[in-house]
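Understanding the architecture of this molecule
The lines below spell out each chain.
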Amino acid sequence: GAGVSQSPRYKVAKRGQDVALRCDPISGHVSLFWYQQALGQGPEFLTYFQNEAQLDKSGLPSDRFFAERPEGSVSTLKIQRTQQEDSAVYLCASSVGTYNEQFFGPGTRLTVL
Amino acid sequence: TQLLEQSPQFLSIQEGENLTVYCNSSSVFSSLQWYRQEPGEGPVLLVTVVTGGEVKKLKRLTFQFGDARKDSSLHITAAQPGDTGLYLCAGAGGQTGANNLFFGTGTRLTVIP
């Protein structure tokens, strides 16, 4: 596709459920980023991949968060045992430029009840 | 902790007015990017500034990178309702390396017709 796509666009989960969020980056983009955006705030960095290698996961808020990109293209962000504080928009971005200029997907809005 | 503070946080102006949004940090960045985000969508890149003192113009938008590469400003001339959105600055190449992109707190602009 022409841009970054994410699915699902909306996800409602009961507290304690596991969720998986998918990101399809722009074809050929080596770098992939996940961000968490709370309502009214700027995106906060979660993790970064270069091809299939997860080079930085310092932003993941707890060990309930796990991300993978096994073939260097599609990525999945998994959240185990969801909590209410996990409610946010999860943004994926891919990048190929020198200055990490990022192309964002529309995000997945996660609501944990 | 790297922190990019934007001001003002909220701005509501009449169509045709001029405005300036500020992005300030105590950290030095190798580059700084400005994004605009509309509801339900991911941020969209507007510009990247790299050199201290650099000024870039994009139609009615003027972006400036501070001489010390710690701050930036966005000036909009003759604002239009289509300029409404959340404006985000993001710094790259700070203390923790070139890969992370740190976003500011955002300025929510509303242009009233």
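First, a word on scope: everything that follows refers to the structure included in this document. Everything numeric in this text was worked out from a predicted model, so none of it was measured.

1. Brief notes about the interface of chain A and chain B
Accessible area lost on assembly of the parts is the figure often given for the size of an interface. Residue-level contacts link 20 residues of chain A with 22 residues of chain B. Surface buried jointly by chain A and chain B totals about 1,600 Å² across both partners, of which 50% is contributed by carbon and sulfur atoms. Counting every contact that joins chain A to chain B gives zero salt bridges. Our enumeration of links across chain A and chain B arrives at four residue pairs in polar contact (both at pLDDT 80 or more). At the level of secondary structure, the elements contributing two or more residues to the side of chain A that touches chain B comprise β4 (31-37), β5 (44-50) and β10 (102-104) of chain A. Within the side of chain A that touches chain B, the residues separate by chemical class into nine nonpolar, eight polar and three charged.

2. A short note on the pattern of salt bridges
Residue and element names in this part refer to chain B. The tally for this structure, following the rule as stated, stands at six salt bridges over all chains. One salt bridge in this structure joins E38 and R36, with 2.9 Å as the shortest N-O distance. Here R60 makes a salt bridge to D83, at a shortest N to O gap of 2.9 Å. Note that R60 is positioned in the loop between β6 (55-58) and β7 (61-65) and D83 in the loop between β8 (71-76) and β9 (85-94), a separation of 23 residues in sequence. Here R60 falls in the partly exposed class, since its relative accessible area comes to 25%.

3. Here's the deal with the environment of S31 of chain B
Along the polypeptide, S31 of chain B turns up in strand β4 (residues 31-37). Separated by 15 residues in sequence, S31 of chain B and G16 of chain B have C-alpha atoms that sit 31 Å apart. In this view, S31 of chain B contacts Y99 of chain A together with T48, V49, V50, F65, A90, G91 and A92 of chain B; residues no more than four positions away in its chain are not counted.

4. Thoughts on the sheet that holds strand β8 (residues 75-79) of chain A
Residue and element names in this part refer to chain A. Across the sheet, which stays open at both edges, the four strands sit in the order β1-β3-β8-β7 with antiparallel pairing between neighbours. The open sheet has two edge strands with one neighbour each: β1 (5-7) and β7 (65-68). The average undirected angle you get between the axes of adjacent strands in this sheet is 15°. Alignment of strand β3 (residues 19-24) against β8, held across five bridges, turns out to be antiparallel. Of the residues in β8, the one forming a bridge with R22 is T76.

5. A few points about the pairing of strand β11 (residues 108-112) of chain A
All names here are of chain A. Burial of β11 is one-sided: the residues T108, L110 and V112 facing one way are buried, the residues R109 and T111 facing the other way are not. Bridge count between strand β2 (residues 10-13) and β11: four bridges; the pairing is parallel. Counterpart to V12 in the pairing with β11 is T111. Bridge count for strand β9 (residues 88-95) against β11 is three bridges, and the pairing is antiparallel. Paired with Y90 across the strands is T108, a residue of β11.

How each quantity is defined
Residues numbered from 1 in each chain as written. Chains lettered and ligands numbered in written order. Predicted model: local features only at pLDDT ≥ 70, side-chain atom pairs only at ≥ 80, totals over all residues. Heavy atoms only, no water. Contact = heavy atoms within 4.5 Å. Buried area = accessible area lost by both parts, 1.4 Å probe. Salt bridge = Lys/Arg side-chain N within 4 Å of Asp/Glu carboxyl O. Polar contact = N/O pair within 3.5 Å; in protein donor to acceptor, adjacent residues only side chain to side chain. Helix = DSSP H or I, 4+ residues; strand = E, 2+ residues; numbered from the N terminus. Nonpolar A, V, L, I, M, F, W, Y, C, P; charged D, E, K, R; others polar. Buried < 20%, exposed > 50% of the residue type's maximum accessible area, 1.4 Å probe, protein only. Pairing = 2+ DSSP bridges. Axes fitted to C-alpha atoms, helices over the stretch in contact; angles between N-to-C directions.

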